Amino acid sequence: MKYYIIKRVMATFPLLLGISFLCFIFINLIPSDPAEVALRLSQVPIVTDELLAQVRADMGLDKPFLMRYLHWLGDTVRLDFGHSYTNPSRTVLGELARSLPNTLILASLSLVLVIALSIPIGFLSAVYKDSLFDRIMRGFVFMTTAMPSYWIGLIFMWFFAIKLRLFPISGNTSLSHFLLPAFTVALSYISIYIRLIRNNMLLNMGQDYVLYAQVRGLKDGMILTRHVLKNSLQSCITAIGMSIPQLISGTIVVENLFAINGLGRLCIASIFNRDYPVIQAYVLFMGVLFILFNLVFDIIQMAADPRLRKES
Amino acid sequence: MTSDNRVLQVENLTVRYKNRKRITTLVDDLSFHVDRGECLGILGESGSGKSMSSKAIMGILPPRQFDVTGSARFHTGSEEPTDLLRIKKEERRAVRGRKITMILQNPMACFDPLFPMGTQMAETVRENTETPVKEIRGLCQQVLKDMQIRSPEEVLLKYPHQLSGGMLQRIMIGLALVTKPDLIIADEPTTAIDSITQFEIIGELLKIKEQGTAMIFISHDLGVVNRMANRVIVMHRAKSLQQGTLAEIIQNPGDEYTRQLVNSRLTLVDQFNSFLREPGVSA
Ligand SMILES: Nc1ncnc2c1ncn2[C@@H]1O[C@H](COP(=O)(O)OP(=O)(O)OP(=O)(O)O)[C@@H](O)[C@H]1O
Ligand SMILES: [Mg+2]
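Residues numbered from 1 in each chain as written. Chains lettered and ligands numbered in written order. Predicted model: local features only at pLDDT ≥ 70, side-chain atom pairs only at ≥ 80, totals over all residues. Heavy atoms only, no water.

Engineer: What is the right way to look at the environment of Asn128 of chain B in this model?
Structural biologist: If you trace the backbone, Asn128 of chain B turns up in helix 3 (residues 117-128). Here Asn128 of chain B falls in the buried class, since its relative accessible area comes to 6%. Residues Asn128 of chain B and Leu13 of chain B lie 115 residues apart in sequence; the distance between their C-alpha atoms is 28 Å. If we ignore the near neighbours within four places in the chain, the residues touching Asn128 of chain B are Arg216 and Gly217 of chain A together with Arg96, Gly97, Arg98 and Thr179 of chain B. At 3.0 Å, the side chain of Asn128 of chain B forms a polar contact with the backbone oxygen of Thr124 of chain B. (Helix = DSSP H or I, 4+ residues; strand = E, 2+ residues; numbered from the N terminus. Buried < 20%, exposed > 50% of the residue type's maximum accessible area, 1.4 Å probe, protein only. Contact = heavy atoms within 4.5 Å. Polar contact = N/O pair within 3.5 Å; in protein donor to acceptor, adjacent residues only side chain to side chain.)

Engineer: So what exactly am I meant to see when it comes to the coordination of the magnesium ion (ligand 2) here?
Structural biologist: In this structure, Ser51 of chain B (OG) and Gln105 of chain B (OE1) serve as the protein donors to the magnesium ion (ligand 2), at separations of 1.9 to 2.2 Å. Note that Ser51 of chain B is positioned in helix 1 (residues 50-58) and Gln105 of chain B in the loop between strand 6 (100-103) and helix 3, a separation of 54 residues in sequence. (Donors = N, O, S within 2.8 Å, 3.2 Å for Na, K, Ca; no water.)

Engineer: Before we go on, may I ask you to explain the site of ligand 1 in this structure?
Structural biologist: Residues and elements named next belong to chain B. Residues in contact with ligand 1 amount to 14 residues; listed here are only the nearest, Ser46, Gly47, Lys50, Ser51 and Gln105. Between an oxygen atom of ligand 1 and a main-chain N or O atom of Met52, the distance comes to 2.8 Å. One of the side-chain N or O atoms of His220 is found 3.2 Å from an oxygen atom in ligand 1. Computed on the free molecule, ligand 1 has an accessible area of 640 Å², of which 65% lies beneath the protein chains in the complex. Broken down by element, the shell around ligand 1 gets its largest block of residues, three residues, from helix 1. Classifying every residue of the shell around ligand 1 by side-chain character gives four nonpolar, seven polar and three charged. (Near = heavy atom within 4 Å. Areas by Shrake-Rupley, 256 points an atom, 1.4 Å probe, with all protein chains shown as cover. Nonpolar A, V, L, I, M, F, W, Y, C, P; charged D, E, K, R; others polar.)

Engineer: I tried to follow the sheet that holds strand 5 (residues 82-83) of chain B on my own but got confused; where do I start?
Structural biologist: Sheet strands pair by backbone hydrogen bonding; their relative direction is either parallel or antiparallel. If you walk across this open sheet you meet the four strands as 2-1-4-5 (chain B), and the pairing is antiparallel. The strands lining the two open edges of the sheet, one partner per strand, are strand 2 (22-35) and strand 5 of chain B. (Pairing = 2+ DSSP bridges.)

Engineer: Which parts of the structure should I look at to understand a nonpolar patch on the surface?
Structural biologist: Residues and elements named next belong to chain A. On the surface, Tyr150, Trp151, Ile155, Trp158, Phe159, Ile162, Leu164, Leu166, Ile169 and Val253 cluster together to form a nonpolar patch covering roughly 960 Å² of accessible area. Looking at which element gives the most residues to the nonpolar patch, the answer is helix 7 (residues 149-163), with six residues. With respect to the helices and strands, Trp158 occurs in helix 7. Looking at Trp158, the relative accessible area reads 44%, which means it is partly exposed. (Patch = residues over 30% accessible without salt bridge, like charges linked within 9 Å, V, L, I, M, F, W, Y side chains within 5 Å. Salt bridge = Lys/Arg side-chain N within 4 Å of Asp/Glu carboxyl O.)

Engineer: Any chance you could explain the interface of chain A and chain B here in plain terms?
Structural biologist: How large an interface is tends to be reported as the accessible area lost when its parts come together. Taken residue by residue, the interface counts 27 residues in chain A and 29 residues in chain B. For the chain A and chain B pair, buried surface summed over both sides reaches about 2,700 Å², with 54% attributable to carbon and sulfur atoms. Here chain A and chain B share four salt bridges between them. When the shortest N-O distance is used, the salt bridge between Glu123 of chain B and Arg226 of chain A registers 2.8 Å. The tally of links from chain A across to chain B stands at 16 residue pairs in polar contact (both at pLDDT 80 or more). (Buried area = accessible area lost by both parts, 1.4 Å probe.)

Shown next as structure tokens:
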């Protein structure tokens, strides 16, 4: 177990390095000249070739590619992502830090909704397979997987915020502002996990250990919750863990729809403004997030399974 | 011809498996009875429906896939017999695990992989006996000791995958005995156990039988069936071919299949015995 964790953590470093390298290449593929952009933004009246060369040298752009990568990597590790192009007075890190809380609120609210809804619904659908409830839920799963979130978001906005006036339409000043968008983000995950948990439950219910639990005279409810549900959830720990970075990155559309000042909105605004350092930092952040959550939840899944966990 | 000692009377037990439009009959019109202190052996080739019939009586076949008809009247004390195939949920809890227990065929798959053995044994004991909470742990250890398992304290902390098939099988036998049931259904209970331990476990089961517990004993092993069973049913392709004492069946196999079965088993036993008797081989 210990050995596995160490191995797994070690294997993460090359991955992180790979992600950062891709991220760096990606920004270098963009056709505009960073020196020119920087000059334009500092409002130098006449851009001469000498001036350009001067700035290139200052920014280290005349150095070989690998040198530049290592230099950038060094800055990045120290969390120095440089300054925003559109707003040179602000650091990229500051911009990210400013937008992160709203996205985190949105994502965690979605996660709570996903867990609170999909586990009981998946459980009940499996226990009452083919009942009216199960059939309605199957219809719901089928429908929501086919509907894109921007469309669902608009429908929600129209129905709950405009027609029923239950929620504010947009903004991010109170918790109720977050409810509709969180539900919009959560919806497709809810259907995925309802199906996953239902199928896992049904698979487990046919196993011999369930038959023997009945033979042992255990109550049906106890067999289902203590044994079948636990086994079913056990095999989706990684999947559920991985939905956390997915939720964080998946808020782009919804944040823009509901005008929430989060990471997703920052990302879209930066793309429109060609604010490359911000885009780069965002992409890197998401990549790192995915890798770290994968690592953490792999280890948790491992620790939760006595067959994989070895005493050390 | 019901006697006062009747424990289980099975009549016309039929199990059908429903798979979409196709229906297969896995047990076809099986009837038998078991009395107090008696052991009924079930012999038969692989896939003949031995396990299916016992699971049907136990009521653990998912009704969505399996269609069970017939009756299995279970006599408890002086009360009216209850039909196990039509028993209500609340009543079944008082019977299953307490008055009828079963030892399933493949012990490796029968315990929840996520819980240590101690927890699973304790929940069984708690559910079916009135043992005070403080004494449950000790009782579980005693069960393991009775089943010839060494260092029971450690075994209780182990997870199912850390134990051998034979150990798990013995734990199942131990758990089946702990509630002192009226009927034990044992589905090939000694297949994973070495012959010396098997000898001792069979001794344990015989003791239980003498105390009046009825038994249904499924096995391929004629030797073991001979020691355990008073009467024997031979099953073949979902049907019962013959019932009687083992001696009757061996002397007078009524049909071709039974003859083959008896012959092949007897040759095997003969070969084994002569092998042991051969000079030069220390037995
Ligand atoms: N879960 C199941 N679903 C459908 N059919 C099954 C299932 N389990 C067993 N069967 C079928 O039921 C028939 C009887 O199986 P059963 O397990 O009762 O055989 P058995 O006599 O116990 O054999 P063995 O000696 O190998 O244990 C077989 O033809 C088998 O294919
Ligand atoms: Mg069998």
